[in-house]
Amino acid sequence: WEHVWGALAARDGLTDNINPNIYGEITADGCAMMFKNLPPASRLDDNSIIYDLGSGYGKLCLWCSVVGKKRAVGIENNPERAALADKAKKLAISKEFLTEEEQSQVTLIEGDAFADGAFADATHIYMCNVGYSEDMHLRLLEQVPKCKNLKVVITITAMHEGNHAISSSKLEEAGLKFEGDSVAPTTWDDESKVHYYTTAKGRETDPVPEGLRLKLVDAQKFEALVTDVYSIVMADVKEA
């Protein structure tokens, strides 16, 4: 895997709750490691619906479809990024990187990721929450109990410790328990970690899903997609 682009400065369209000078993403290898190392009871299965809250240019959602063979929904608040994510998906379709099934598994939305009901059907939530304020995390926690099928929330920055830590009582009220962390490379650090917060459903032990099996041919297809499609998409960003 080669990083096609790294941490970039966001230009506008963000709220005061997000640091406007931060942009980066988990790499393809990071995606694989993040989902392969899920706590056993919260592993992906045929019914999984993965939400990327703050989905940027949509790359993780495309990985979930092409490599992970799972349904993914990305919600991005920044209109410019959301538009470029939509462009990336359309380019991937026109260049025949996505099968009809893979196309149907990816939904990209512009809007408030923490609006009431925005991710009500999620089984797995991922947030690259670097720079998120405590308020943003609290808005997430308000919605978590409404997600009846949710198994796990995955974050880059820990929610239970650090500068923007949420109190243990707030996490407990939302039904979340910190289960541990795992290395998952990002565009700014090969040693980045993701943090797993499971719900009661994500701690059920019967039955435990088998786990994610990936194919090299799908990883190679995704790498080609990124190299081709995102070189065009990111050119739009550099020229703006």
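Residues numbered from 1 in each chain as written. Predicted model: local features only at pLDDT ≥ 70, side-chain atom pairs only at ≥ 80, totals over all residues. Heavy atoms only, no water.

**Student:** Would you take a moment to explain the pairing of strand β5 (residues 152–155) for this structure?
**Tutor:** Side chains on a regular strand alternate between the two faces of the sheet. Here β5 shows a buried face lined by V152 and I154 and a second buried face lined by V153 and T155. Handedness of the strand β4 (residues 124–127)-helix α5 (residues 134–143)-β5 crossover: right-handed. Pairing geometry for β5 and strand β7 (residues 193–198), over four bridges, is antiparallel. Note on β7: the bridge partner recorded for I154 is Y196. (Buried < 20%, exposed > 50% of the residue type's maximum accessible area, 1.4 Å probe, protein only. Helix = DSSP H or I, 4+ residues; strand = E, 2+ residues; numbered from the N terminus. Right-handed = clockwise from strand over helix to strand, strands pointing away. Pairing = 2+ DSSP bridges.)

**Student:** Got a minute to help me understand the confidence of the model for the chain in this structure?
**Tutor:** Low pLDDT means the predicted coordinates in that region are not meant to be read closely. Across the chain, the average pLDDT comes to 89, with 89% of residues at or above 70. In this model residues 1–21 is a low-confidence stretch, pLDDT under 50, and it forms 53 contacts with partners more than four residues away in sequence or in other chains. (pLDDT = per-residue confidence, 0-100. Contact = heavy atoms within 4.5 Å.)

**Student:** Explain unusual backbone geometry to me, please; I cannot follow it from the model alone.
**Tutor:** Comment: phi is negative for the bulk of residues other than glycine, and the bulk of peptide bonds are trans. With an omega of -5°, the peptide bond running from D206 to P207 counts as cis. With respect to the helices and strands, the residue P207 is situated in the loop between β7 and α7 (216–239). A positive phi angle is found at K69, which is not glycine, with a value near 60°. On the accessibility criterion, K69 (37% relative accessible area) is partly exposed. Unusually for a residue other than glycine, E96 sits at a positive phi of about 60°. Examined against the element boundaries, E96 turns out to sit in the loop between α3 (79–94) and α4 (100–104).

**Student:** Could you clarify how one ought to interpret the environment of Y132 in this entry?
**Tutor:** With respect to the secondary-structure elements, Y132 resides in the loop between β4 and α5. For the pair Y132 and T157, spaced 25 residues apart in sequence, the C-alpha separation works out to 8.7 Å.

**Student:** Help me understand the packing of aromatic side chains in this model?
**Tutor:** This structure, assessed with the given rule, holds three aromatic pairs. Measuring from ring centre to ring centre gives 5.8 Å for F35 and W63, while their planes differ by 15°; the resulting arrangement is stacked. In this pair, F35 sits in helix α1 (residues 28–36) while W63 sits in helix α2 (residues 59–66), placing the two residues 28 residues apart along the sequence. Overall, the relative accessible area of 2% leaves F35 in the buried class. (Phe/Tyr/Trp six-rings, centres within 6.5 Å; stacked < 30°, edge-to-face > 60°.)

**Student:** When you look at the side chain of H124 in this model, what are you seeing that I'm missing?
**Tutor:** Tracing the chain through its elements places H124 in strand β4. Residue classification places H124 among the buried residues on the basis of a relative accessible area of 0%. Side-chain polar atoms of H124 contact the side chain of T123, separated by 2.8 Å. In contact with H124, other than residues within four places in its own chain, are L38, S42, R43, L44, S48, I49, I50, Y51, L150, K151 and V152. (Polar contact = N/O pair within 3.5 Å; in protein donor to acceptor, adjacent residues only side chain to side chain.)

**Student:** Can you walk me through the pairing of strand β2 (residues 71–76) in this structure?
**Tutor:** Burial within β2 is extensive, with five of its six residues counted as buried. Bridging between strand β1 (residues 49–53) and β2 involves five bridges; their strand directions are parallel. Its bridge partner lying in β2, L53 is registered against I75.

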